[in-house]
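Architecture and fold: a report
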Amino acid sequence: MGEPASPILSAARGLRPEELWLGGVGGVVSTGPTAAVDGPSGPSGPLSCVAALGVVAGRLLAGGAEGIARRVGEAWDLAQVQGSGAPVVAFLDVRPPSGEDHIALAATLGDGVLRSVDGGRTWQPVFGLADTEVTALVRTPGGRLLAGTPEGVYASPNAGRAWRRTGRTAPTGREAATFDAPVAAFAVGLDGTVVAGLESGLLWCSADDGRTWAPSGTLPAPVTALVVTAAGTLLAGTSGAGVWRSADGARWYEAVAGTVHCLLADGATTYAGTDSGLLVSRDDGRAWSVVGVPSTADLDRLVWWDGRPLLAGPRSGIVRPTVAPEGWETLAGGPFPLLGLGVAPDGALLASGPDGLLLRTPTDADWTLVVEGSTGQVGRLAFAADGRGWAAPVRHGDMLLHSADAGRTWQQRPVPFGTFPLTALGWIGDDELVAATFDHRRDLVTVFDSADGGRTWRQQLTAETAWPQVHVARAGAAGRAVLSIGRVLLGRGGDGGWDRLATFDSGVRAMTGTPTGLAVLTGDGLWSYDLPAQTQARAGTCTESSTEASTDTDWRRVDGLPDPASAYDLASRGDELLVLLAGGGVWTSIPTRRGR
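Anyway, here's the lowdown on the structure attached to this text.

Calculation criteria
Residues numbered from 1 in each chain as written. Predicted model: local features only at pLDDT ≥ 70, side-chain atom pairs only at ≥ 80, totals over all residues. Heavy atoms only, no water. Buried < 20%, exposed > 50% of the residue type's maximum accessible area, 1.4 Å probe, protein only. Helix = DSSP H or I, 4+ residues; strand = E, 2+ residues; numbered from the N terminus. Pairing = 2+ DSSP bridges. Patch = residues over 30% accessible without salt bridge, like charges linked within 9 Å, V, L, I, M, F, W, Y side chains within 5 Å. Areas by Shrake-Rupley, 256 points an atom, 1.4 Å probe, with all protein chains shown as cover. Salt bridge = Lys/Arg side-chain N within 4 Å of Asp/Glu carboxyl O. Lys, Arg positive; Asp, Glu negative; His and termini not counted. Charge placed at Lys NZ, Arg CZ, Asp CG, Glu CD. Phe/Tyr/Trp six-rings, centres within 6.5 Å; stacked < 30°, edge-to-face > 60°. Axes fitted to C-alpha atoms, helices over the stretch in contact; angles between N-to-C directions.

Further remarks concern the pairing of strand E48 (residues 480–485). Counting buried positions over the 6 residues of E48 gives 6, a clear majority of the element. Side chains Arg480, Val482 and Ser484 of E48 all project onto a buried face; the interleaved residues Ala481, Leu483 and Ile485 project onto the opposite face, where all are buried too. Here 6 bridges tie strand E47 (residues 470–475) to E48, and the two strands are oriented antiparallel to one another. Looking across to E48, one finds that His471 is bridged to Ser484. Relative to strand E49 (residues 488–492), E48 runs antiparallel, the two sharing 4 bridges. Note on E49: the bridge partner recorded for Ser484 is Leu489.

Below is the structure:
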């Protein structure tokens, strides 16, 4: 099956010929001769929801929900940013007079304008826009810098050091009023006219570097982006009404439908980033076609629900394949951003977000809120076959939620896990559970177990790991428990301790039980094996560097996985293994089902 559509939130020309960089909720991708999918928001990267891209001083900058990253060589470095950590939505290369090099500005939704004088390594807030939402930046032909805000336009005459309100409507028989409408985007025409697109759909223009403004047109939806083509045509992207084009800024014609997040003019070619991917026009914005690019979705979770695979990501939401070939649909009304996801034994789907924990059955048209507010913000869910369930909060480890009715109702229960949230939670027997926390300060995993269905817990072992991923699964029909900590795989022994099964140098990314054993997804492949006979158990302290691969396990590489390094999650359905690939592709271990 094909990949789900992924929004393109930002775009920038690359440093090499024919190179284009695109940002989305899951990271950054590049197209062209050196195409790559490697952006700053991979599984362990510093950014997500990349809404801004720009080139300053010969370096690519990416801005997102957590700040700013610079591309250095083939990697990304997180920049040092002063402020509250507000999301970044736009960049501007100031290009000041000689004597001040590498000055750049960044628009943020809360920290106003950030300024850098060292090519994007460090950023500081500026005077006059310290606590303001800034949605757009532009440099006028006269050298003034303009910032669009919900209150109107601010201007800076000194390379972005300080800002003040500017922009008055042209007088019509009385004193001009302040231009105070919410500005979403700017563009500069070939004749030097500055155009501002408003959230209301109105367009205003200025012929004097933003000092005075006059209305120039109206669009049927909020403006999201503006760009002027090489021929001088003005294109406007909107929320829900697609791309519109105008040769004179007054008369507008619809060019393509949909929601547009960004526009980029590159010579005679124009690109539009939309909710469903990238569009391109090579005839001055009249006709548009779809461009196949790597997905920017952040889909990183895979479960089986209602007879179909279900994919989910923090900002991509929850999607599933439709009856139509290559089609996908989003489960509307789900939490955003998504925090946790699980399936109860009776088929109910549970999803957690800022509003709490929600439930939906396959026959429901809507979600039901079962735990409201911060109490329902859970990241891990685990169910037994009889409907007993546990859910772990995303921000602390001193409490769990317990359900006795397959997730319909929940009660809080104190637990002795401390302040760190759980990184793993799972049933390993009829009344046995395993939970694990991760102390990022010491790279230390602490494992707890319960033999009475979660009423009481004991600390069982600690493990040092530089790979902070822990997974729990039951292998084979007998249900022997397996625990992975970083690169180490452990099997539950007869006395409740853990036997070391193997070490994977590339780290364990996911694992799942199969009818006869276990499947393990690592950084270099997909492996399956039948568990050997249990050996003498050991408990206590485990250190990754002291482990060696076992010699009594029959490991088998599962052939055909296209790119293990881009694999995120793993699920099983009987003898079939399903692997979630970067961008939302789903690979199956059964060759005859591939491509469906």
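The discussion continues.
Below, the discussion takes up a negative patch on the surface. Among the surface-exposed residues, Glu133, Glu151, Asp180 and Glu199 lie close enough to one another that they form a single negatively charged patch. Tracing the backbone shows Asp180 in the loop between strand E18 (168–169) and strand E19 (183–188). Assessed through its relative accessible area of 51%, Asp180 is described here as exposed.

Bringing the packing of aromatic side chains into the picture now. By the definition in use, this model includes 8 aromatic pairs. Between Phe417 and Phe448 the ring centres are 4.8 Å apart and the planes differ by 50°, which places this aromatic pair in the tilted class. Separated by 31 residues along the polypeptide, Phe417 in the loop between strand E42 (411–414) and strand E43 (422–427) and Phe448 in strand E45 (residues 444–450) bring together distant segments of the chain. Note on Phe417 and Trp457: the rings are 5.1 Å apart at their centroids and 80° apart in plane angle, and the pair reads as edge-to-face. Note that Phe417 is positioned in the loop between E42 and E43 and Trp457 in the loop between E45 and strand E46 (458–464), a separation of 40 residues in sequence.

With that settled, consider the sheet that holds strand E25 (residues 243–246). Overall, antiparallel pairing links the 4 strands, which are arranged E23-E24-E25-E26 in an open sheet. Two strands bound the open sheet, and with one partner strand each, they are strand E23 (223–228) and strand E26 (253–256). If you compare each strand with its neighbour and ignore which way they point, the axes differ by 30° on average. Bridge count for E23 against strand E24 (residues 234–238) is 5 bridges, and the pairing is antiparallel. The residue bridging Ala225 from the neighbouring strand is Gly237, located in E24.

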